[in-house]
Amino acid sequence: MAAITGEAEAEAPGVVFVHGSPPFGLPFKDRLLSRFQLIHTSELAESSHVKVMLCMDHTPVTSQTLHKLPSLECIVASSAGVDHIDLPTCRLRGIAVSNGSQAFSEDVADYAVALLMDVLRKISAGDRYLRSGLWPAKGDYPLGWKLGGKRVGIVGLGNIGSEVAKRLVAFGCGIAYNSRKKRPSVSFPYYADVCDLAANSDILVICCALTSETHHIINKDVMTALGKEGVIINVGRGSLINEKELVQFLVEGQIRGAGLDVFENEPIVPRELLELDNVVLSPHNAVVTPEAFEAMQELAIANLEAFFSNKPLLSPI
Ligand SMILES: O=CC(=O)O
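Residues numbered from 1 in each chain as written. Predicted model: local features only at pLDDT ≥ 70, side-chain atom pairs only at ≥ 80, totals over all residues. Heavy atoms only, no water.

Visitor: Break down the nonpolar core for me, with residues and values.
Guide: With 50 residues, the main nonpolar core has Ile154 and Leu168 as its most contacted residues. When residues in this core are grouped by element, the largest group, 10 residues, is from helix α5 (residues 101-121). Once residues within four sequence positions are removed from consideration, Ile154 is found in contact with Gly161, Val164, Ala165, Ile175, Ala176, Tyr177, Asn178, Leu197, Val205 and Cys207. Formed by 28 residues, the second largest nonpolar core is a distinct cluster that contains Val155, Leu204, Val222 and Val279. (Core = buried A, V, L, I, M, F, W, Y, C linked by side-chain atoms within 4.5 Å. Buried < 20%, exposed > 50% of the residue type's maximum accessible area, 1.4 Å probe, protein only. Helix = DSSP H or I, 4+ residues; strand = E, 2+ residues; numbered from the N terminus. Contact = heavy atoms within 4.5 Å.)

Visitor: So, the packing of aromatic side chains: which residues are in play, and what are the values?
Guide: The final tally for this structure, using the stated rule, is 4 aromatic pairs. Joined through ring pairs, the aromatic side chains of Phe36, Phe307 and Phe308 make up one cluster. For Arg256, the ring lying beneath its charged end belongs to Trp145, and the centroid distance is 3.6 Å. (Phe/Tyr/Trp six-rings, centres within 6.5 Å; stacked < 30°, edge-to-face > 60°. Lys NZ or Arg CZ within 6 Å of the ring centre and 35° of its normal.)

Visitor: I'd love a proper account of the pattern of salt bridges, names of residues and values included.
Guide: Think of it this way: side chains of opposite charge can pair up when their charged atoms draw near. Enumeration over the complete set of coordinates arrives at 10 salt bridges. Note that Glu298 is salt-bridged to Arg31, the shortest N-O span being 2.9 Å. In this pair, Glu298 is assigned in helix α12 (residues 290-308) and Arg31 in helix α2 (residues 26-35), connecting sequence segments 267 residues apart. Residue classification places Arg31 among the partly exposed residues on the basis of a relative accessible area of 22%. Among the salt bridges present, the one from Asp127 reaches Arg131, with a minimum N-O distance of 2.6 Å. With a gap of 4 residues between them, Asp127 and Arg131 both fall in helix α6 (residues 123-131), about one helical turn apart. Residue classification places Asp127 among the partly exposed residues on the basis of a relative accessible area of 35%. For Arg131, a relative accessible area of 65% translates into the label exposed. Each of Asp110, Glu163, Lys166 and Arg167 takes part in one network of salt bridges that share partners. (Salt bridge = Lys/Arg side-chain N within 4 Å of Asp/Glu carboxyl O.)

Visitor: Got a sec to walk through the site of the ligand? Specific residues and values, please.
Guide: In the vicinity of the ligand, the contacting residues are His58, Ser79, Ala80, Gly81, Phe104, Arg237, His284 and Val287. Between Ala80 and the ligand, the recorded distance is 2.7 Å, taken from a backbone N or O atom to an oxygen atom. Within the backbone of Gly81, a nitrogen or oxygen atom sits 2.7 Å from an oxygen atom of the ligand. Protein chains bury 92% of the 190 Å² of accessible surface belonging to the ligand in isolation. The residue makeup of the shell around the ligand, split by class, is 3 nonpolar, 4 polar and 1 charged. (Near = heavy atom within 4 Å. Polar contact = N/O pair within 3.5 Å; in protein donor to acceptor, adjacent residues only side chain to side chain. Areas by Shrake-Rupley, 256 points an atom, 1.4 Å probe, with all protein chains shown as cover. Nonpolar A, V, L, I, M, F, W, Y, C, P; charged D, E, K, R; others polar.)

Visitor: How would you summarise α12 if you had to cite specific residues and measurements?
Guide: The end-to-end C-alpha distance of α12, which contains 19 residues, comes to 27 Å, matching closely the 27 Å that a straight helix rising 1.5 Å per residue would cover. Residues Ala292, Met296, Gln297, Leu299, Ala300, Ile301, Asn303, Leu304, Ala306 and Phe307 constitute the buried set of α12. At the exit of α12 stands Asn310, carrying a positive phi of roughly 55°. (Expected span 1.5 Å × (residues − 1).)

Visitor: Quick rundown of helix α7 (residues 159-170)? Include the residues and the values.
Guide: Here α7 contains 12 residues, and its C-alpha end-to-end distance of 17 Å stays within 8% of the 16 Å for a straight helix at 1.5 Å per residue. For α7, the full list of buried residues reads Ile160, Gly161, Glu163, Val164, Ala165, Arg167 and Leu168. Following α7 by one or two positions, Gly172 has its phi on the positive side, about 85°.

Listed below in structure tokens is the structure:
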């Protein structure tokens, strides 16, 4: 006993409900197991006492899921986007939610810039042209456009959007943004209306959270305002854009191009997009680097430890 041996009595490990089928490798699982007791989705029936959930993938956390966890106080999500979690129910029940965005923001921002550079300078399209033996037989591939000097409208100036801005300022772009609220500490021009932002931009980079307010925030009116020379990059969620309208605008040449990491009905990608050389397509890969996964694991464990020590979460949403 602690009183006799002088050793601190070992504390029981905190119980963590792991939601979804985690893509985590063994080292992460071992690290979690060394600190916490893990309960999995298949054991939901025995989880009525669980206070914290670790969400390792995009499996929906519905009001029914939450109903089965009456003691839940906190959800630690590994992803940047938390649109798979029923946030209104969490708010009603006072369940705190944290996300993983801090861990991924730099990598997602790099990827957004890479997609943009690719669309403008036609890198993937030129690669396809060369590999199919058309160069030089069919002549040089058409020239692309310069990035420096372009006016970039960022939709969602959170962790990821701010990193995108930092990078594009270094490329000599002008930045403006739209978000729920003007950010007093930010000197970039703010547009409360996305159409106004589009009308004053050459490029839109979409990196806001998907909510009922932002669903289809990019629609035909916004694309019309952006104009024929406009480019759209989406590293947020597919449903931020009305995809049917986007496809139509791209097919008809009513905007110049798009770089898309996300789609409305993933992994289904509209067939028309596969035919277009002014579109760069990517299989929801912007967040995926081993370094980002490592940082995500650190953040998830730090959030769980903060919860169990009654400290503020590190990345509350
Ligand atoms: O899309 C990936 C994420 O939200 O982390």
